[in-house]
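Structural characterization, general
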Amino acid sequence: MKTIAQPAVITPTIIGLALLAAVVVFIGVTGKKVPLLSNIRLDIVLLVVIGMTMCTQGGIGRIAATGQWSHPQAIIGYLLGGLILLITLFVFVGWKLPYIQNDQQALLVIAILAGLKVVNAVTHYLLSRA
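Below: a short report on this structure. (Residues numbered from 1 in each chain as written. Predicted model: local features only at pLDDT ≥ 70, side-chain atom pairs only at ≥ 80, totals over all residues. Heavy atoms only, no water.)

**Here we look at the packing of aromatic side chains**
As a reminder of what qualifies: Within 6.5 Å between ring centres, the rings of Phe, Tyr and Trp (the latter by its six-membered ring) count as paired, and their orientation is classed by plane angle as stacked under 30 degrees, edge-to-face over 60, tilted in between. Categorising residues by exposure relies on relative accessible area from a 1.4 Å probe, with only protein chains included: less than 20% of the type maximum marks a residue as buried, more than 50% marks it as exposed, and the intermediate range marks it as partly exposed. Note on geometry: a ring has a charge over it if NZ (lysine) or CZ (arginine) is within 6 Å of the ring centre and within 35 degrees of the ring normal.
Overall, the coordinates contain one aromatic pair when judged by the stated rule. Ring centres of F90 and W95 lie 5.2 Å apart, and the angle between their planes is 80°; on these two criteria the pair is classed as edge-to-face. A relative accessible area of 17% places F90 in the buried class. A cation over a ring is seen here: R41 above F92, with NZ or CZ 5.5 Å from the ring centre.

**Remarks on a nonpolar patch on the surface**
Convention followed: Surface patches are drawn from residues lacking salt bridges whose relative accessible area is over 30%; two like charges belong together within 9 Å, two nonpolar side chains (Val, Leu, Ile, Met, Phe, Trp, Tyr) within 5 Å. Here, Shrake-Rupley sampling with a 1.4 Å probe gives the accessible areas, and only protein chains in the shown set may cover a residue. Here, a salt bridge means any side-chain nitrogen of Lys or Arg that lies within 4 Å of a carboxyl oxygen of Asp or Glu. A run of H or I in DSSP becomes a helix once it reaches four residues, and a run of E becomes a strand once it reaches two; helices and strands are each numbered from the N terminus.
Together, L36, L42, V45, V49 and F92 give the surface a local cluster of nonpolar side chains, amounting to about 450 Å² of exposed area. In terms of residues, the nonpolar patch owes the most to one element, helix α2 (residues 40-58), which gives three residues. With respect to the secondary-structure elements, L42 resides in helix α2.

Following this line, the structure appears as structure tokens:
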């Protein structure tokens, strides 16, 4: 029986995107004045787009390649991604969430959830190799 080779989780592209995401979060949280990145809502959109790109490379793309759609860690990834999108929606609609009082806090929470999503993807990858 042929097994499906699992694509790597950490690639140079993902590392570059993670560094770019870190720069966007740093600029957004500290309020530094940088052309095009001085708008916190634009920072949120950039972070979500970068996160989705990373997810296609080492997250959902890897799940699709191996067919592990119902794996518990894949489901955790779906839930974390859904929370990220929900918080983004709340920011742009103008609804307030408990414990998130402004757009900077929303950016930080999205970054933390994205970090947890990366940890989940790496853990899933490492456990599936064992």
